[in-house]
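Structural overview for review
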Amino acid sequence: EKVARDEKDPRMRLLFVEAFGRVPCYAANQSLCYFAIRDADPDVRERALTLLGQEHCDHITSAGLIAHALAAKDNVYVKRGAFALGELGAVNAILPLIGALETSHKIALRGNEPGRMSLSMGPGGTGMKTGGGPQSKTVVVKNDEVLNALRKITEQNLGFDESAWKNWYLENYTLYDVDVRADD
């Protein structure tokens, strides 16, 4: 798999993906999940996702592996993961999707780079600032792709209201009237 990941030519990676799609085993399934989310080429990602939908692929395992992308630092992978889960109709990924409706990501800020100077003037006087190193800021992102996947899988539209989604999930995927007492 490492050889396939390191391959520069997307046509060759596509051939590797085709080969993985013919092998009904966990390692091949894992490789297809990787390419469906992480590959730079959209054709490779699309083909890997199509192959994951095959009958011999373990869809529950695939959804579990892809759901890890929902916690990625880079929001691009969150979006790709959500799209893939929606395409696969991954019911077992509803809770992770609900948790990824809004995600936090650190972004690098320009400015205050070593060797850089800034000058400010105002009624209180003049100031000068130098260097300071790289800085970042955390932003919260509402993920439309996650919402679209939830809509597709559940046929519901509760918007970005995580609480409403969790309540819906409890109402629809929790066992009712279970008596766990031992018979006397």
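Here the structure is a predicted model, which is why all the values come from computation and not from measurement.

**Focus: the side chain of Thr103**
Take Thr103: it is sitting in strand β1 (residues 102-109). Separated by 3.3 Å, the side chains of Thr103 and Asn75 make a polar contact. For Thr103, the side chain forms a polar contact with the side chain of Asn143, separated by 2.9 Å. Ignoring sequence-local partners within four residues, the contact set of Thr103 consists of Leu70, Asn75, Val78, Val139, Val140, Val141 and Asn143.

**Here we look at the environment of Val17**
Among the secondary structure elements, Val17 is positioned in helix α2 (residues 10-21). Sequence-wise, Val17 and Arg47 are 30 residues apart; in three dimensions their C-alpha atoms are separated by 7.4 Å. When residues no more than four places from it in sequence are discounted, the contact partners of Val17 are Leu32, Phe35, Val44, Arg47, Ala48 and Leu51.

**With respect to the pattern of salt bridges**
Here the structure, examined in full by the defined rule, presents six salt bridges. Measuring nitrogen to oxygen at the nearest pair gives 2.5 Å for the salt bridge that ties Arg47 to Glu18. Of this pair, Arg47 sits in helix α4 (residues 42-52) while Glu18 sits in helix α2, placing them 29 residues apart in sequence. The class of Arg47 is partly exposed, set by a relative accessible area of 28%.

**Some details on the packing of aromatic side chains**
Counted under the stated rule, the structure contains five aromatic pairs. With a centroid separation of 5.3 Å and an interplanar angle of 90 degrees, the aromatic rings of Tyr34 and Phe35 are classed as edge-to-face. Here Tyr34 falls in the partly exposed class, since its relative accessible area comes to 26%. Of the residues examined, Phe35 reaches a relative accessible area of 0% and is grouped as buried. Clustering of aromatic rings is evident, with ring pairs tying together Trp165, Trp168, Tyr169 and Tyr173. Directly above the ring of Tyr77 sits Arg38, whose terminal nitrogen or CZ lies 3.9 Å from the centroid.

**Quick notes on the confidence of the model for the chain**
Looking at the chain, pLDDT values average 87 and 82% of them are 70 or higher. For the chain, per-element mean pLDDT is lowest for strand β2 (residues 117-122), which scores 58, and highest for helix α8 (residues 144-154), which scores 98.

**Description of helix α3 (residues 26-38)**
Compared with the 18 Å implied by 1.5 Å per residue over 13 residues, the 18 Å span of α3 between its first and last C-alpha is a close match. Along α3, the residues that are buried comprise Ala28, Asn29, Ser31, Leu32, Cys33, Phe35, Ala36 and Ile37.

**Topic: the environment of Gln135**
Relative to the helices and strands, Gln135 is located in strand β4 (residues 135-142). As a C-alpha pair, Gln135 and Ala108 span 27 residues in sequence and 6.0 Å in three-dimensional space.

**Examining the packing of α2 against α4**
For the pair α2 and α4, the least separation of the axes is 9 Å and the interaxial angle reads 5 degrees. Put simply, α2 runs roughly parallel to α4. Contacts between α2 and α4 involve Pro10, Arg13, Leu14, Val17, Glu18 and Gly21 from the first element and Asp43, Val44, Arg47, Ala48 and Leu51 from the second. For the contact of α2 with α4, the class distribution of residues is six nonpolar, one polar and four charged.

Reading the values: the criteria
Residue numbering note: each chain is counted from 1, following its sequence as written. Totals for whole chains, interfaces and linings use every residue, but because this is a predicted model, local features are given only for residues with pLDDT of at least 70 and side-chain atom pairs only at 80 or more, for both listing and counting. Computation of side-chain values: all heavy atoms of the structure, hydrogens and water removed. Only runs of H or I of at least four residues qualify as helices and only runs of E of at least two qualify as strands under DSSP, and these elements are numbered from the N terminus. For the purposes of these results, a polar contact is taken to be a pair of N or O atoms within 3.5 Å, where, inside protein, one atom must be able to donate a hydrogen and its partner to accept one; residues adjacent in sequence count only when each atom of the pair is a side-chain atom. Residues are treated as being in contact if the distance between any of their heavy atoms lies within 4.5 Å. Definition used for salt bridges: Asp or Glu carboxyl oxygen within 4 Å of a side-chain nitrogen of Lys or Arg. Note on classification: 1.4 Å probe, protein chains only; a residue is buried when its accessible area is under 20% of the maximum for its type, exposed when over 50%, partly exposed between these limits. Here a pair means two rings of Phe, Tyr or Trp (six-membered ring of Trp) with centres within 6.5 Å. Their orientation is stacked below 30 degrees between planes, edge-to-face above 60, and tilted elsewhere. By the criterion adopted, a ring carries a charge over it if an Arg CZ or a Lys NZ lies within 6 Å of its centre and within 35 degrees of its normal. As a per-residue measure, pLDDT tells how confident the predictor is, with possible values from 0 to 100. The span expected for a helix works out to 1.5 Å for each residue beyond the first. Angular values range over 0 to 180 degrees, each being the angle between N-to-C directions of two axes fitted as lines to C-alpha atoms, with helices fitted over their stretch in contact. Every angle not falling under 35 degrees, over 145, or within 65 to 115 is termed oblique; those three ranges are roughly parallel, roughly antiparallel and roughly perpendicular. For this classification, Asp, Glu, Lys and Arg are treated as charged, while Ala, Val, Leu, Ile, Met, Phe, Trp, Tyr, Cys and Pro are nonpolar and the rest, including Gly, are polar.

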